[in-house]
Amino acid sequence: MSSKPHKGLVVVLDGNTLTPEKVNTVVAEKNAKVVIAPEAMKRVHDAHAFLVKEMDKKVLYGITTGFGPMASHIIGKSQLEELQYNLIRSHAVGAGKPVNEDFVLAAMVDRLNSMVKGHSGISEALVNQLVSFINHRIIPIVPRHGAVGTSGDLVQLAHIALALIGEGEVFYKGKRQPTKDVLKKLRIKPHRLLPKEGLSLINGTSFMTGIGALLICRAQKV
């Protein structure tokens, strides 16, 4: 990977055209920034508005119900946001040494790209939070041990989500420190999870995909 950063390098994410090379660029070029294509952000806005409208009319899995075997349990309106926080905190239970920072950053880029396809029902605020983390190189601590591919890379992605809400620990400028301290220093507010956002953050295979993207580029270089 290149060690000479290009000032002002921008990678545009639109949900459809991300390649391993683009993931590698964000990770390798320390000054690289990600931005969201306007049409992708519009899809995010429209999907979230649709979700809010449907929530008032229908029972929706993982939004107004519990998860898995608890899907038959209806969640009261006053607890919809709490449900998402509980999902993240209950799955952020990895163990062992932290995963390499490059791999975590690659996973964050892939997850962001997946979410801006406009099918997740997340808010624009969550998209902007993840963009801020990537561009400031705030890298969540993700423990090495935790199953992948089990209805998604649940444990690993939960640790990333934990940082977005201001909890857990991160690497910032080479130092491991509490997330809340870094966010306070950068004047970034912890994201407030809205209905479905916890589920949207962790129900996917972005962690293994991000790592795979970097390994493809490294193999091609070899």
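Residues numbered from 1 in each chain as written. Predicted model: local features only at pLDDT ≥ 70, side-chain atom pairs only at ≥ 80, totals over all residues. Heavy atoms only, no water.

Participant: Which residues make up the side chain of Thr 179, and what values go with them?
Facilitator: Take Thr 179: it is sitting in helix H7 (residues 179-186). Excluding residues that lie within four positions of it along the chain, Thr 179 makes contacts with Phe 133, Ala 163, Gly 166, Glu 167, Gly 168, Glu 169 and Val 170. (Helix = DSSP H or I, 4+ residues; strand = E, 2+ residues; numbered from the N terminus. Contact = heavy atoms within 4.5 Å.)

Participant: Report on the pairing of strand S6 (residues 169-172), specifying residues and quantitative values.
Facilitator: When strand S4 (residues 139-140) meets S6, the two strands line up antiparallel, connected through two bridges. The partner of Pro 140 across the bridge, within S6, is Val 170. Strand direction decides the pairing type here: S6 and strand S7 (residues 175-178), joined by four bridges, are antiparallel. Opposite Val 170, over in S7, you have Gln 177 as the bridge partner. From the end of S6 to the start of S7, which pair antiparallel, there are two residues, and Lys 173 there has a positive phi angle of about 55°. (Pairing = 2+ DSSP bridges.)

Participant: Hey, could you go over the packing of aromatic side chains for me, with residue numbers and the actual values?
Facilitator: Evaluated as defined, the whole model comprises one aromatic pair. Their ring planes at 85° and their centres at 6.3 Å tell us that Tyr 61 and Phe 67 sit as a pair that is edge-to-face. The exposure class assigned to Tyr 61 is partly exposed, which follows from its relative accessible area of 46%. (Phe/Tyr/Trp six-rings, centres within 6.5 Å; stacked < 30°, edge-to-face > 60°. Buried < 20%, exposed > 50% of the residue type's maximum accessible area, 1.4 Å probe, protein only.)

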